[in-house]
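Working through the structure, step by step
One letter stands for each residue in the lines below.
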Amino acid sequence: MTLPRQPKGFMFDLDGTLILSNRKLGGYTAIPGAAEALEDLNRRGIPWIALTNGSAYPSRVQGPKLRDVGLPIPDAQLFTPNSVAAKVMCARRYSNVLVLGLDSVAEALTELGVTCSMLGDEAAKSADAVYVAWHPDCVMDHIHLACERVLDGAALLSASDVPFFATREGRSFGYSCAINGAIARVTGVEPEPCGKPSLHAMEVIAETLGVPMQGVGVVGDDAVAEMQMARSTGAIGIAVTSGSTSAQEWAAQPPARAPHLVIGNIGELAAACGLD
């Protein structure tokens, strides 16, 4: 495998690429070589950001946790699907978004200018959009209300529709994907993802880096979230084997999800991309 061009900037996934967490997202371990790779890009003056599909925590909360395990990721270079979703929601001028997620999800959206409601709020009964995010406490009342709003014409957006993410305990399923499936089965409406691999996410990545999409190196461990996004937008897909996808599984991917390059360790990034 060879790169079609040298990346001018990079987007890094978190889980399985830079860190491994536990299944409850309660603790992080940096993947060997991750901190060095980011510091090397800083020395070279090459722009980069981290974009996770995890929506549980805003950047101001997650950033310090990442720095505590040695990753030099400033809050301003850490993005979540909530960051992307807020841009979409504000652009479309939704008046009230029903959030199926933790309180921290609604707080993150509110900080970014979105008016939110939760189950139990009177305003939730008239929400013109529904946003599904990390929600380990989701119950049928949440799903019932979301289905009612979608059947009444509310837009259905989601942080992520990717079924799995990598943890220290192995592959774990994404809550938002499971909740999306329940709502879609009842309403017949598929969610519009705001995280990876959506075009919304890629537009934010390119704009933030100041690099055309074709010049972005998308670094990740998931064939759908990262490689499909890279391929569909003309970006450069760089896969790692430290997360949910092995080297053998990468080799078996169809063209629409095939990486341009596979590296065994994130510390090999600079040499593998011809930056040396």
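To be clear, the structure that these remarks concern was listed above.
Quick look at the structure, then. (Residues numbered from 1 in each chain as written. Predicted model: local features only at pLDDT ≥ 70, side-chain atom pairs only at ≥ 80, totals over all residues. Heavy atoms only, no water.)

Note that alanine 271 resides in helix H10 (residues 269-272). For the pair alanine 271 and arginine 149, spaced 122 residues apart in sequence, the C-alpha to C-alpha distance is 51 Å. (Helix = DSSP H or I, 4+ residues; strand = E, 2+ residues; numbered from the N terminus.)

So, on to the packing of aromatic side chains. Applying the stated criterion across every chain, the model contains three aromatic pairs. With 4.6 Å between their ring centres and 75° between their planes, tryptophan 134 and tyrosine 175 make a pair best called edge-to-face. With tryptophan 134 in the loop between strand E8 (129-132) and helix H5 (140-151) and tyrosine 175 in helix H6 (residues 175-187), the pair connects residues that are 41 residues apart, well separated along the chain. With relative accessibility at 27%, the residue tyrosine 175 sits in the partly exposed group. (Phe/Tyr/Trp six-rings, centres within 6.5 Å; stacked < 30°, edge-to-face > 60°. Buried < 20%, exposed > 50% of the residue type's maximum accessible area, 1.4 Å probe, protein only.)

Our focus in this paragraph is the sheet that holds strand E5 (residues 78-79). Taken together, the six strands give an open sheet; going across it, the order is E5-E4-E1-E13-E14-E15, and neighbouring strands pair in parallel fashion. Two strands lie at the open edges of the sheet, namely E5 and strand E15 (261-263), each paired on one side alone. Relative to strand E4 (residues 48-51), strand E1 (residues 9-12) is paired through three bridges, and the arrangement is parallel. By the bridge assignment, phenylalanine 10 is partnered in E4 with tryptophan 48. Contacts from helix H7 (residues 199-209) reach E1, E4, E5 and strand E13 (216-220), with the element oriented near 155° to E4. (Pairing = 2+ DSSP bridges. Contact = heavy atoms within 4.5 Å. Axes fitted to C-alpha atoms, helices over the stretch in contact; angles between N-to-C directions.)

Okay, the sheet that holds strand E6 (residues 97-100) next. In any sheet, the strands associate via hydrogen bonds between backbone groups, in a parallel or an antiparallel arrangement. The strand order across the open sheet built from five strands is E7-E6-E8-E9-E12, with neighbouring strands paired in parallel fashion. Single-partner strands in this sheet number two, and they are strand E7 (116-117) and strand E12 (192-193). Both E6 and E7 contribute to a ladder of two bridges, which runs parallel. Note on E7: the bridge partner recorded for leucine 98 is serine 117. In the packing of H5 onto the sheet, contacts are made with E6, E8 and strand E9 (155-158), and the angle to E6 comes to roughly 150°.

Turning our attention to unusual backbone geometry. Glycine aside, negative phi is the norm for most residues, and most peptide bonds take the trans geometry. With omega at 15°, the peptide bond leading from lysine 196 into proline 197 counts as cis. By the secondary structure assignment, proline 197 is in the loop between E12 and H7. One non-glycine residue with positive phi stands out, namely arginine 93, at about 60°. Mapped onto the fold, arginine 93 is located in the loop between helix H3 (81-92) and E6.

The biggest cluster of nonpolar side chains holds 34 residues, and the ones touching the most others in it are Leu109, Tyr131, Ile205 and Val216. Broken down by secondary-structure element, the contributors of at least two residues to this core are E4, H3, E6, helix H4 (103-111), E8, H7, E13 and helix H8 (223-233). Apart from the residues within four sequence positions on either side, isoleucine 205 is in contact with Met11, Ile49, Leu51, Val216 and Met229. Within the second largest apolar cluster, 30 residues are counted, among which are Leu3, Ala34, Ile46 and Ile73. (Core = buried A, V, L, I, M, F, W, Y, C linked by side-chain atoms within 4.5 Å.)

Below, the discussion takes up the pairing of E8. On E8, burial covers both faces: Ala129 and Tyr131 on one face and Val130 and Val132 on the other are all buried. Looking at chain direction, E6 and E8 are connected through four bridges and run parallel. When the sheet's bridge partners are listed, leucine 100 is paired in E8 with valine 132. With four bridges connecting them, E8 and E9 associate as parallel partners.

As far as function goes, none of this settles anything; it's purely spatial.
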